[in-house]
Amino acid sequence: MEIVILVSLLSLYCDFTDAECLVISPARLVVKYGDPASAKCTSDQPKQLGWEATEGGTGLTDKEVKFLNWSVDSVTDWNNNPTCFTEAGQCQKQLDITVYKLPDSVSISYRKYPDPMVEKHHYQLQCLVQNIAPIERLRVTFYKVNTTGEQTELDTQQKSKDNIKTPENGTYTLDFTPSRDDDGAQLWCSAMLDLGPEGPQPPPVMESDRLNINVLYKPQITMSPGCFSMSITEGDTLSLNCSAKGNPAPSYDWLHPQSAPPPTPQKRDP
């Protein structure tokens, strides 16, 4: 029973020292792939310190010191987890480091090209973000701007946190149902890499090219002479106006009452 108690106390002591005896600053480091990086490990009491890392690692110091720096000229290892440690591993602390890379390109397209695009039909847009890391920090937003310059945010998407550190391609889709008001509008998507307060500020944003859309819709009469009664002298000129809006542009036909089809006779009850 005494041995169990002793082991438990030792475990508590180790947990305490792991949490308290070493401090790394900055507490979180965000660095662009290929850029230099550095951090400082500080001990509460002079100790032999070292850094275990795939890049920039150092062995234990010959003398007891209160701090030891870690630095590299260029971060090229996506999975580097620099860890500061003391003699015999009595105390250790890992640097919270995030290595990021901006996308090579951002593009928007249709998953299946609409030929042609028709109002009230359903289509799917696709935003492709190529070679970005970490992808879980990426937020993709779809936008629309109409012919008057009014901008609308259609949707914002983010991948689930899967802890993938290496560069990935991300594909994001949006269901889109155009209306006649969308004719002549533009669509695009933007990719924002939000790395928190330790990352670049403001968060870097990269936009796709704009996609011009042409929407076909049936004509709608916007001005008509309507129903009216008037007297006119034979030989005089009668001017009537009628206009409609549609895509493609509508053509017009005028029918004289005498050439119009006769009304269908209604049946009367006996």
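Residues numbered from 1 in each chain as written. Predicted model: local features only at pLDDT ≥ 70, side-chain atom pairs only at ≥ 80, totals over all residues. Heavy atoms only, no water.

Re the nonpolar core
Selection rule: What is meant by a nonpolar core is a set of buried Ala, Val, Leu, Ile, Met, Phe, Trp, Tyr and Cys residues, joined one to another through side-chain atoms within 4.5 Å. Note on classification: 1.4 Å probe, protein chains only; a residue is buried when its accessible area is under 20% of the maximum for its type, exposed when over 50%, partly exposed between these limits. In this analysis, two residues are considered to be in contact whenever any of their non-hydrogen atoms come within 4.5 Å of each other.
One finds Val129, Leu138, Val140 and Phe142 to be the most contacted residues of the largest nonpolar core, which totals 27 residues. Excluding its chain neighbours within four sequence positions, the residues that come into contact with Val140 are Cys127, Val129, Asp155, Thr156, Gln157, Tyr172, Cys189, Ser190 and Ala191. Core analysis: the second largest hydrophobic core is formed by 21 residues, Ala37, Leu68, Cys84 and Ala133 among them.

Here's the deal with the state of the cysteines
Heads up, the condition is: A pair of cysteine sulfur atoms is labelled a disulfide when the two atoms are within 2.5 Å. Only runs of H or I of at least four residues qualify as helices and only runs of E of at least two qualify as strands under DSSP, and these elements are numbered from the N terminus.
Counting across every chain of the model gives 3 disulfides. Note on cysteine connectivity: Cys21 is disulfide-linked to Cys91, with sulfurs 1.7 Å apart. Taken together, the residues Cys21 in the loop between α1 (2-20) and β1 (22-25) and Cys91 in the loop between β6 (83-86) and β7 (92-94) connect sequence positions 70 residues apart. Each member of the pair, Cys21 together with Cys91, is buried. Linked covalently through their sulfurs, Cys41 and Cys84 form a disulfide whose S-S length is 2.0 Å. Its torsion about the S-S bond being -80°, the disulfide of Cys41 and Cys84 is classed as left-handed.

Remarks on the pattern of salt bridges
Threshold: Salt bridges are defined as contacts in which a side-chain nitrogen from Lys or Arg sits within 4 Å of a carboxyl oxygen from Asp or Glu.
Overall, the coordinates contain 6 salt bridges when judged by the stated rule. Linking Arg28 and Glu198 is a salt bridge whose minimum nitrogen-to-oxygen distance equals 2.6 Å. Separated by 170 residues along the polypeptide, Arg28 in strand β2 (residues 28-32) and Glu198 in the loop between β15 (186-193) and β16 (205-207) bring together distant segments of the chain. When the shortest N-O distance is used, the salt bridge between Lys47 and Asp44 registers 3.2 Å. When its relative accessible area of 22% is taken as the criterion, Lys47 is described as partly exposed. Asp44 gets classed as partly exposed once you look at its relative accessible area, which sits at 42%.

So, the pairing of β2
Just so we agree on the cut-off: The pairing criterion is simple: DSSP has to find at least two bridges between the two strands.
With 4 of 5 residues buried, β2 is to be regarded as a mostly interior element. Two elements, β2 and strand β8 (residues 96-100), share 5 bridges in a ladder whose sense is parallel. Of the residues in β8, the one forming a bridge with Leu29 is Ile97.

Here's the deal with the sheet that holds strand β18 (residues 215-223)
Taken together, 3 strands build an open sheet; the order of strands is β10-β18-β19 and the sheet is mixed. Every interior strand has two partners, whereas the edge strands, β10 (117-118) and β19 (243-247), have only one. In this structure, β18 lies alongside β19, joined through 4 bridges in antiparallel fashion. Of the residues in β19, the one forming a bridge with Met223 is Ser243.

Remarks on the side chain of Glu136
Spelled out, the test is: The charged-residue count follows a simple rule in which Lys and Arg add positive charge and Asp and Glu add negative charge, with His and chain termini not counted at all.
On the secondary structure map, Glu136 appears in the loop between β11 (123-132) and β12 (138-145). For the buried residue Glu136, which engages in no salt bridge, the nearest side chain bearing the opposite charge is Arg137, 4.7 Å off. With near-sequence residues (within four places) excluded, Glu136 lies in contact with Gln158, Lys159, Ser160, Lys161, Asp162, Asn163 and Ile164.

Details of unusual backbone geometry
The omega angle of the peptide bond from Ala133 to Pro134 is -15°, so this bond is cis rather than trans. Between Gln201 and Pro202 the backbone carries a cis peptide bond, its omega angle lying at -5°. Mapping Pro202 onto the fold places it in the loop between β15 and β16. For Lys120, which is not a glycine, the phi torsion comes out positive at approximately 70°. As for its position among the elements, Lys120 is in the loop between β10 and β11. One non-glycine residue, Asn131, lies in the positive phi region at around 60°. Secondary-structure assignment places Asn131 in strand β11.

A look at the packing of aromatic side chains
The line we're drawing: When the centres of two rings from Phe, Tyr and Trp lie within 6.5 Å, Trp using its six-membered ring, the rings pair. Their planes under 30 degrees apart give stacked, over 60 give edge-to-face, and anything left gives tilted. Cation placement over rings: the criterion is NZ of Lys or CZ of Arg within 6 Å of the ring centroid and within 35° of the ring normal.
This structure, assessed with the given rule, holds 3 aromatic pairs. Geometrically, the ring pair formed by Trp51 and Trp70 is tilted, given 6.2 Å between the ring centres and 40° between the ring planes. Here Trp70 lies in strand β5 (residues 65-72) and Trp51 lies in strand β4 (residues 49-52), a separation of 19 residues in the sequence. With a relative accessible area of 2%, Trp51 lands in the buried category. Ring geometry for Tyr143 and Trp188: centres 5.4 Å apart, planes at 20°, overall stacked. Of this pair, Tyr143 sits in strand β12 while Trp188 is found in strand β15, placing the two residues 45 residues apart along the sequence. Relative accessible area serves as the criterion here: at 18%, Tyr143 is assigned to the buried category. Stacked on the ring of Phe67, the Lys or Arg Lys40 has its end atom at 4.4 Å from the ring centre.

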